Amino acid sequence: MATAAPSLLGDVCKQGVKPSPAHAFLKPGKTFPRVDVEEKEEASSVYAEGTATDFHLRIGPNYSKHKQKGPSLSEIYSLVALDVFRSDERVFPAAQVYDLPPLSPHARDFDHDYVCKRFILNIQVPDCPAPFRSSAAVENPTMHIVMFFEISEEAVSYFKDLAHAPPAYKLLSDWCRDSFTDDKCRSRFKIIGIAENFADLGLPTLIQGYNGKPALIKSTGSLVRGENNEYMEQGINVHLFPFLTRKSVYGLQGKMRLMITHIGATIEARSDEEMPERTLLCARLVRINGFEEARKLPIAALRWLRTQAAAMNHNPYVQSVIT
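Rules of the game
Residues numbered from 1 in each chain as written. Predicted model: local features only at pLDDT ≥ 70, side-chain atom pairs only at ≥ 80, totals over all residues. Heavy atoms only, no water. Phe/Tyr/Trp six-rings, centres within 6.5 Å; stacked < 30°, edge-to-face > 60°. Helix = DSSP H or I, 4+ residues; strand = E, 2+ residues; numbered from the N terminus. Buried < 20%, exposed > 50% of the residue type's maximum accessible area, 1.4 Å probe, protein only. Pairing = 2+ DSSP bridges. Polar contact = N/O pair within 3.5 Å; in protein donor to acceptor, adjacent residues only side chain to side chain. Expected span 1.5 Å × (residues − 1). Arc of directions from axis to C-beta. Contact = heavy atoms within 4.5 Å.

Colleague: With reference to specific residues and values, describe the packing of aromatic side chains.
Modeller: Two numbers describe a pair of aromatic rings. These are the distance of the centres and the angle of the planes. On inspection of all chains with the given rule, the structure shows nine aromatic pairs. Both rings, one in Tyr-158 and one in Tyr-169, keep their centres 4.8 Å apart while their planes meet at 40°; by these two values the pair is tilted. Placement of the pair is Tyr-158 in helix H3 (residues 153–159) and Tyr-169 in helix H4 (residues 167–178), with a sequence separation of eleven residues. Take Tyr-158: its relative accessible area is 26%, and that puts it in the partly exposed class.

Have a look at this one:
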């Protein structure tokens, strides 16, 4: 059954209307309904959890020679909520304009020096035809896909005894520790997008080879860590992608109402000691045309939210690399 999705912060999406003090920040998961993954084939304009085993990741040994991949094991972070909205400015970090979703007991009690209780993935897609030159400016019309995850119960148990955990957990711990000071480490974050119903979309077979192909997020990525390890937010600024990629992404807007998009991420493993790779997080957008269906967050409301967040020290971050 679909979970009801009230409007994004009630009146906040009405032009010129500011949220009331009683509802000071955005509430996760209020833009589109959530359905069980079994319902995705018949559903539209909804989201669902992902399936980690659908992502084929590096397994080794000697991956550089054999290039062997296999289905991932279960994801490290579980999906809690997902939003799609538009704005005339990029929103990063999104955590500061949201009330973060409540944590399950196992995640609330999780305590680690580097790995956070929550992980937020914030994909910022141009909401305008692609100019020839990329731009890191905030003032860019943008469709945001913001996904909220919490550490899984299985992952909590592994982090209690990291020395005997599968390699992906040690790799994640190292990535969380070093990414704010080491660009090469931070650039191991890898995003994977799969159009699950590619054959139904009428797209050129020439691009089918790119369906499900991983992409490392390097200079197009931003990262912040919340106070007390409450959250880590990874931003992906598609405005900074190469021109042809941005043009292709914007050109897909007519297909999004038909597309089941499975998004996953992992931390890239490079040695046998770090393999097999494991899905960090995953989620599905089920026939959501974000360019047309997603509500628009007015500039006045967005700037009010940012001002309130600064005044209230709301979901502050203590480490950052922002592009």
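That shown, we press on.
Colleague: Run through the sheet that holds strand E4 (residues 77–87), naming residues and quoting values.
Modeller: Ordered by their spatial adjacency, seven strands build an open sheet running E13-E4-E6-E5-E10-E9-E14, and the pairing between neighbours is mixed. A single partner strand is all that each edge strand has here, and the edge strands are strand E13 (296–297) and strand E14 (317–321). Bridge analysis of strand E5 (residues 118–126) against strand E6 (residues 142–151) gives nine bridges, and the strand direction is antiparallel. Paired with Gln-124 across the bridge in E6 is His-144.

Colleague: So what about the sheet that holds strand E12 (residues 281–286)? Which residues, and what values?
Modeller: Here five strands make up an open sheet; going across it, the order is E1-E12-E11-E7-E8 and the pairing antiparallel. In this open sheet, the two strands that pair with only one neighbour each are strand E1 (46–49) and strand E8 (215–216). Looking at chain direction, strand E7 (residues 189–195) and strand E11 (residues 260–267) are connected through seven bridges and run antiparallel. Bridge pairing in E11 places Ile-192 opposite Gly-264.

Colleague: Mind laying out the environment of Phe-32, listing which residues take part and the relevant values?
Modeller: By the secondary structure assignment, Phe-32 is in the segment before E1. Distance from Phe-32 to Val-249, taken between C-alpha atoms, is 21 Å for residues 217 residues apart in sequence.

Colleague: With reference to specific residues and values, describe unusual backbone geometry.
Modeller: Note that the residue after Gly-60, namely Pro-61, is joined by a cis bond; omega there is -5°. Looking at where Pro-61 falls in the secondary structure, it is placed in the loop between strand E2 (56–58) and helix H1 (63–66). In this structure, the amide linkage connecting Phe-92 to the following residue, Pro-93, adopts the cis form with an omega of -5°. Within the fold, Pro-93 resides in the loop between E4 and helix H2 (105–108). For Lys-67, which is not a glycine, the phi torsion comes out positive at approximately 55°. Position of Lys-67 relative to the elements: it lies in the loop between H1 and strand E3 (69–71). Positioned with a positive phi, Asn-313 is a non-glycine residue whose angle comes to about 50°. Looking at the secondary structure, you find Asn-313 in the loop between helix H7 (299–312) and E14.

Colleague: Quick one: what's the story with the side chain of Thr-31, residue by residue and with numbers?
Modeller: If you trace the backbone, Thr-31 turns up in the segment before E1. A polar contact is formed between the side chain of Thr-31 and the side chain of Asp-83, at a distance of 2.8 Å. Here Val-84 takes part through its backbone nitrogen, which lies 3.0 Å from a polar atom of the side chain of Thr-31.

Colleague: Pulling in residues and values, what's your account of H7?
Modeller: In this model H7 runs 20 Å from its N-terminal to its C-terminal C-alpha over 14 residues, within 8% of the 20 Å that 1.5 Å per residue would give. When H7 is considered as a whole, its buried residues turn out to be Ala-301, Leu-302, Trp-304, Leu-305 and Ala-309. Taken end-on, H7 shows its buried residues confined to a sector of 160°, consistent with a single buried face. The exposed residues of H7 that point more than 90 degrees off its buried face are Thr-307, Ala-310 and Ala-311. Check the buried side of H7 and you find it contacts E4 and E13. Of the residues one or two after H7, Asn-313 is the one with positive phi, at around 50°.

Nothing here speaks to function; it is all geometry.
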